[in-house]
Every structure is written in structure tokens, then in C-alpha cells.
Amino acid sequence: MGCCGSAEVSDAPQWKPLEDRNCTDLPWFLLFTLFLVGMCGICGFTIATGGAARLVFGYDSYGNTCGQRNEPIEGVRLSGLDHTDRKFVFFLDPCNIDIIQRKIKSMALCVSQCPTEELATYYDLKKFAMINGSELCSYELPGHKYPSLPERFEKCPKLPVPQSKALPVFNRCTPVDISCYAKFAEAVVTFVSDNSMLNRLIAGVAASKEIIVGLCLLALVLSMILMVIIRYISAVLVWILTGLVVLGSLGGTSALWWLKTEEPNGGIKTTKDHSQRLLIYAVSATVFTGILLLLMLFMRKRVALTIALFHVAGKVFIHLPLLALQPFCTFLALSLFWVYWIMVLLFLGTSGNPEKSEETGLVEFRLRGGLQYMTWYHAVGLIWISEFILACQQMTVAGAVVTYYFTRDKNKLPVTPILSSVLRLVRYHLGTVAKGSFIITLVKIPRLILMYIHNQLKGKENACARCMLKACICCLWCLEKCLNYLNQNAYAATAINSTSFCTSARDAFMILVENALRVATINTVGDFILFLGKILIVACTAITGVLALNYQRDYTEWVLPLIIVCLFAFLVAHCFLSIFEIVVDVLFLCFAIDTKYNNGTHGREFYMDKALMVSHR
């Protein structure tokens, strides 16, 4: 049996780049498809049971959905009303907000029109009902008797009734003046009233919105340019880093020996102890510097390989320019899914069986019994499908880079290698991506649960429990990072050999272990170069922002706009350079396979680029 129960029988991996294609991990594709059907089923349930309609159209405190004819609810009076002409939700006391539960604790009614002006007395309520036909008190109270009814204090809106405006799409009457929500935002209101700093910052953002957009576009362009030119500056950055490390070590060691030689002979006991400590530090620094210099000498070829990989990665982006669009496609896919997920989550909040609250007497809809697990299922779907989308990006990039590397004549590359990689992914390898993303999900869920527990117990648990929780969270985070790296290489191996996830992970792991020193060098030196690239983009954007914002003399508060621009620049740089990092990792795996199974002789010619061939010698 193959790895993890696969049917592949192999004592040693047989690397045959791009020769055969077959479906991989089909059971996992079927399992993921069933999971998606379940996600769609939850959405269908919320629509069929009226949860979606109640969220969009709103419902009153008696369980009636506004804007439609309703069925009676057993045990609830005033339910089952025809609200075809009453399309708006009106709260009797819209400012009564439960800050903890984050909802309005007020009776809600369906009305035909929101109050378009402030209503100060019950006579104004009566006049509004008579003229507009929109009764703002409970349904059993006739509008022409509002001023004289004793029930008006409990079942009519709190006076004065503020002017309201219906929210677009969701049809809720919302006060035009939101000052009644001051308690909900008390901290912000206090901050603003104290020094008006927030107003000044917001004014600065509003006044510089065109410059902010321009600087964000600049960060985007700089990120795309850097992916191409980084191959020219990587060598300079690496040797500067190497020189600084060596000089720093030599300088620190020399300083310690100089301090030791300057120590006076003899003296009190404290001086002797100090002298002994200096001697220990100086000897330790000397040993460390010696080891470091030996490592630099020993690792110079591996550093040269890292530079060569960056050089070839830059060529890849020249031959495959559509790779630069991958962050946009992934962001779009994630955004669409997250919008759908949030929408269904809101639908779930208004689904279930109607229950009359004993505390308030109002009707609320709650999921009971097995239906409560739909929310957990939906939460798992958020993690698994998000990881699936990110894994699809990794597989797509890996497939395109593998095609580039193992095509000897670059003029014979497919017209659209990215599209070809996407088609291969959809046709053959969705199961592999589903399996890899599920493994990440299995690690991420416990970590998120522990983080939630740690947050809930903050200030309550003892020091030992807090330390154990943090240790578990840290270990799971490290495991997740390691699995992410292994998954990425497994996807590359699948793109090369069309093998199942576990077989690909095993083969890739063996290759990485055989080249452990190279992997360590590439990950340390390469990550540092990419970090410097991110800093370079943020610095260039920030300097341009300072010059542009300082040029505008109409306002002085441009700190917040500059922070927004810098954060966006770092995010964009991280997204684009993450693609570059994936390309470098896939190139290295291809290079390691190439050097293991080929030697440059006739019939076993290398696939590698000339830059890599020079570093291999």
C-alpha cells in the first residue's frame, strides 16, 4: 500500500515530469463535494424556513415578516397578520441598545412608512397615522385614539419619536440623528469631545483621499516591478547582509578582547569576577565568530544558489506575467466566499423556531436540537474552504512554474501556462488540494479554540494554566507553519508527477531532507531578502506620501493617511512577494530533482537554467 492508504506501490519515487496525468485523491474530491453540498444545504434551509426573508425584510416582535402574508404562530397573539402593505421595521425605542448582546432591546412593528419628521406628542402620532396610514403603536391600538389610550405608555413609541430613514435593502427605520447611540460609542464620543483629534484625523483622510488612492496604486506598481527586478538586486542584498554579519561579529569580538586587556590586574573581588566574565564572553564570542566564518565559507555555494534561484524566479515572471495577477484572483475568490459566508451566517441568526421570551414577551427565532450544529458546520466551512482557495493558488503557481522549468525550449511553452495549470488543477488535482487544506484545517481549529479559551479566561486562570495554553497555541502554530510548507512542496510534487497528496508529500519531504542545508539557507537568506523587499516598498511609498501630503497645505493632519498607506503597501508587498516566495520554493524542488536524476550527460541533460547550472558546479 502507498502512503496513507493510497494504492501506489513504490520503493523509490519515479520522477517523470509532465509525462502522465491522472486524477489524484478522488475520494477526497467526493468528500469535499459532499461538504460543499452541505454548505449549500444550510443556505437552502435558511431560505426555505424564512430566515433569509426575515433578515432582508425584517420581522416584528410577534413573529410576522414585514411585506408579506404570515401564518399564525401557536401561542403568540397578533401573529399571522397580513403585512403586505407594511414593508418597514419600526422600533418603538431605537436607542435602547443592549451593548453586551449587540442588539436593540425594543418592541418592533411593521409599518407602511417611517416617520419623516420628529413626532413630539401623541397627537403628532395620531396625525401621522391619519395622514400617512402608518400606525406607529401596537397593532391592537386604533390610531385615532392614541392620545387617550392608557396603554399608550407601554405600546407606543418613546417620545419624542426621532426622524427616521429606511435602510436600503434591509428596510429598517433608522434615526437620521444617530446621537442616541452615544452610549454604544461612549469612548469615541468622549475622545472626540475632549480634544477633537478624531475629527481632525478623519478630516485629514477625507481631504487626502485622492493622494491615498494614488499612493496605494504606487505600492501596487512597485510590488509588481520588484518581482521582476529583485533578481538584479538580490546578490547585492545578500553580500551586504553577509558583510554586515561578519563585520559585526568581528567587531563585537574585538571589542570584548579590548575591554579584557584594559582591565587592571588584581583589585577587589568584584573586579576579578568582572574580569572572569569578560574573559568568558570574549572566548565565547571568538568561538562563535570562528564557527560563523567557517559556516560562511562552507555555505557560500548555497548562498550563491539562493541568488541564482532569485535570478531565475525573476525570469519566470517575465515569461509568465499572468503570475502577477494571482493575488488579485485569490483575493477576489476569498472576498466572494466571505461575503457569501457572512450572508448565510446572518440568515442562520434569523432561522429556527419562534420562541416567546419570558423576560420581554417578544418573539425570537432560535435554532434548537440538532439544528444548532449547522452553525458549527458553517464555521468549519469558513476555515476549510478558505484554505482550499489558498491551496488552489499554490497548486496553480506550482503547475505553471513546473511547466516552465521542465520545458527545455522556452519558446515552446504553452500560450497560457497559467490557464493550462488551472485546467490541470480542475481536471485532475482538486482532491489533492482538498486533502491538503483539510489537514491544515484540522490543526487550525484546535488552535483557534484554544485562543478563544485563553481570551475568555484572561485574568481568571492561574499562571500555570496560562503558560500551558500559550505553549499549546505556540506549538500548534509552529505545526501549522511546517505543514503549510510541506503542503506547498507536496502540491509542487503533484504538479510534477501527478501523484496523490501523501505520496507527493513523502517524495517532496525526502528531497528536502537530502538538501536540508540548502533548504535552511534558502529559507533564511531568501526570507530576509523578501523582508527587505517589503520594507523597501513601504519606505518608498512612505517617502512619496510624506512629500505628497506635505505639499498639500490645506490640512495638517496627514499622519493617519500615511499610516493607512503604509499598512496597505505592506499588505500588497506581502501578497505579491508571497507569490515570488512560492515560485522560488517550487524552483528549488525542481532543481533538487533535476540534479538528483540528471548529470548533464547525453540522454540525462539538465533542465535547469544557465544561472542555476553555474551555481551547481
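Data block above holds the structure.
Residues numbered from 1 in each chain as written. Predicted model: local features only at pLDDT ≥ 70, side-chain atom pairs only at ≥ 80, totals over all residues. Heavy atoms only, no water.

Engineer: How would you sum up the overall build of the chain? Please name residues and give values.
Structural biologist: Scanning the chain for helices and strands turns up 17 helices and eight strands. Relative to its 617 residues, the chain shows a buried fraction of 42%. Within the chain, contacts between residues at least 6 apart in sequence are counted, and of these 70% link residues at least 24 apart. Surface accessibility of the chain: about 33100 Å² in total, with carbon and sulfur atoms responsible for 67%. (Helix = DSSP H or I, 4+ residues; strand = E, 2+ residues; numbered from the N terminus. Buried < 20%, exposed > 50% of the residue type's maximum accessible area, 1.4 Å probe, protein only. Contact = heavy atoms within 4.5 Å. Areas by Shrake-Rupley, 256 points an atom, 1.4 Å probe, with all protein chains shown as cover.)

Engineer: Lay out the packing of aromatic side chains in plain terms, naming residues and giving numbers.
Structural biologist: On inspection of all chains with the given rule, the structure shows 13 aromatic pairs. On the numbers, 4.7 Å between centres and 25° between planes, the contact of Phe35 with Tyr377 is stacked. Here Phe35, found in helix H1 (residues 26–48), pairs with Tyr377, found in helix H11 (residues 373–405); they are 342 residues apart in sequence, far enough to count as distant. Seen from their ring centres, Phe328 and Phe576 are 5.7 Å apart, and the 75° between their planes marks the pair as edge-to-face. Residue Phe328 is located in helix H10 (residues 326–349), and its partner Phe576 is located in helix H16 (residues 559–597); the two are separated by 248 residues in the primary sequence. We classify Phe576 as buried; its relative accessible area is 3%. Arg152 extends its terminal NZ or CZ atom over the ring of Tyr122, reaching a point 5.3 Å from the ring centre. (Phe/Tyr/Trp six-rings, centres within 6.5 Å; stacked < 30°, edge-to-face > 60°. Lys NZ or Arg CZ within 6 Å of the ring centre and 35° of its normal.)

Engineer: Lay out the layout of surface pockets with the relevant residues and their values.
Structural biologist: For the second largest pocket, the calculated volume is near 1600 Å³. Lining the second largest pocket are 45 residues; nearest its centre among them are Leu390, Gln393, His574, Cys575 and Ser578. Those elements that place two or more of their residues in the lining of the second largest pocket are H10, H11, helix H12 (417–456), helix H13 (463–497), helix H15 (516–551) and H16. The dominant element in the lining of the second largest pocket, judged by the number of residues it contributes, is H16, at twelve residues. (1 Å grid on protein atoms, 1.4 Å probe; cavity = no way out; pocket = protein on both sides within 12 Å on 5 of 7 lines; lining within 4 Å. Points joined across faces, edges and corners; volume = space filled by probe spheres on them.)

Engineer: Lay out unusual backbone geometry in plain terms, naming residues and giving numbers.
Structural biologist: With omega at -10°, the peptide bond leading from Leu159 into Pro160 counts as cis. Locating Pro160 in the fold gives a position in the loop between helix H4 (152–155) and strand S5 (164–166). Phi at Asp25 takes a positive value of approximately 55°, unusual for a residue other than glycine. Residue placement: Asp25 occurs in the segment before H1. Accessibility expressed as a relative area gives 11% for Asp25, which makes it buried. Positive phi is not limited to glycine here, since Ser498 has a value of about 60°. By relative accessible area, which is 3% here, Ser498 ends up buried.

Engineer: For the state of the cysteines, give the residues involved together with the corresponding values.
Structural biologist: Evaluation of the coordinates by the stated rule reveals three disulfides. Here Cys66 pairs with Cys110 through a disulfide, and the sulfurs are 1.9 Å apart. Measuring the twist about the S-S bond at about -80°, one finds the Cys66-Cys110 disulfide to be left-handed. Of the two residues, Cys66 is situated in the loop between helix H2 (51–57) and strand S1 (88–91) and Cys110 in strand S4 (residues 108–111); the sequence distance between them amounts to 44 residues. (Disulfide = S-S within 2.5 Å.)

Engineer: Describe the packing of H10 against H16, listing the residues and the values that go with them.
Structural biologist: Between H10 and H16, whose axes approach to 9 Å, the crossing angle comes to 115°. As for the relative orientation of H10 and H16, their crossing is right-handed in sense. Between H10 and H16, the residues in contact are Gln326, Pro327 and Phe328 and Cys575, Phe576 and Ile579, respectively. Here the residues of the contact of H10 with H16 are counted per class, giving five nonpolar, one polar and no charged. (Axes fitted to C-alpha atoms, helices over the stretch in contact; angles between N-to-C directions. Left-handed = near helix turned anticlockwise from the far one by under 90°. Nonpolar A, V, L, I, M, F, W, Y, C, P; charged D, E, K, R; others polar.)

Engineer: I'd love a proper account of H11, names of residues and values included.
Structural biologist: For H11, with 33 residues, the first-to-last C-alpha span of 47 Å sits near the 48 Å given by 1.5 Å per residue. Counting buried positions along H11 yields 25 of 33 residues, so the element is predominantly enclosed. (Expected span 1.5 Å × (residues − 1).)

Engineer: Can you break down the packing of H12 against H13 residue by residue, with the values?
Structural biologist: Closest axis-to-axis distance for the H12/H13 pair is 9 Å, and the angle between their directions is 170°. By the angle class used here, H12 and H13 are roughly antiparallel. Tallied by class, residues from the contact of H12 with H13 come to 16 nonpolar, eight polar and five charged. (Parallel < 35°, antiparallel > 145°, perpendicular 65-115°, else oblique.)

Engineer: Tell me about H10, residues and numbers included.
Structural biologist: Compared with the 34 Å implied by 1.5 Å per residue over 24 residues, the 35 Å span of H10 between its first and last C-alpha is a close match. Burial in H10 covers these residues: Gln326, Pro327, Thr330, Leu334, Phe337, Trp341, Val344, Phe347 and Leu348. Contacts made by the buried residues of H10 are with H1, H2, H11, H12 and H16.

Engineer: Quick rundown of the side chain of Ser223? Include the residues and the values.
Structural biologist: Mapped onto the elements of the fold, Ser223 is located in helix H7 (residues 209–262). Under the relative-accessibility criterion, Ser223 is labelled buried at 0%. Other than its neighbours up to four places away in sequence, Ser223 contacts Ile537, Val572, Ala573 and Phe576.

Engineer: So what's going on with the environment of Ala490? Residues and values would help.
Structural biologist: Tracing the chain through its elements places Ala490 in helix H13. Sequence-distant contacts of Ala490, defined by excluding residues within four places in its chain, comprise Phe501, Ser504, Ala505 and Ala508.

Engineer: An account of a nonpolar patch on the surface is requested, with residue identities and associated values reported.
Structural biologist: On the surface, a nonpolar cluster with roughly 500 Å² of combined accessible area is contributed by Trp257, Leu279, Val283, Val287, Ile291 and Leu295. Among the elements that take part in the nonpolar patch, helix H8 (residues 269–298) stands out by supplying five residues, more than any other. Here Leu295 shows up in helix H8. Note on Leu295: relative accessible area 43%, which makes it partly exposed. (Patch = residues over 30% accessible without salt bridge, like charges linked within 9 Å, V, L, I, M, F, W, Y side chains within 5 Å. Salt bridge = Lys/Arg side-chain N within 4 Å of Asp/Glu carboxyl O.)

Engineer: Break down the pattern of salt bridges for me, with residues and values.
Structural biologist: Counted under the stated rule, the structure contains eight salt bridges. Three or more residues are tied together by salt bridges with common partners; here these are Glu387, Lys444, Arg447 and Glu480.

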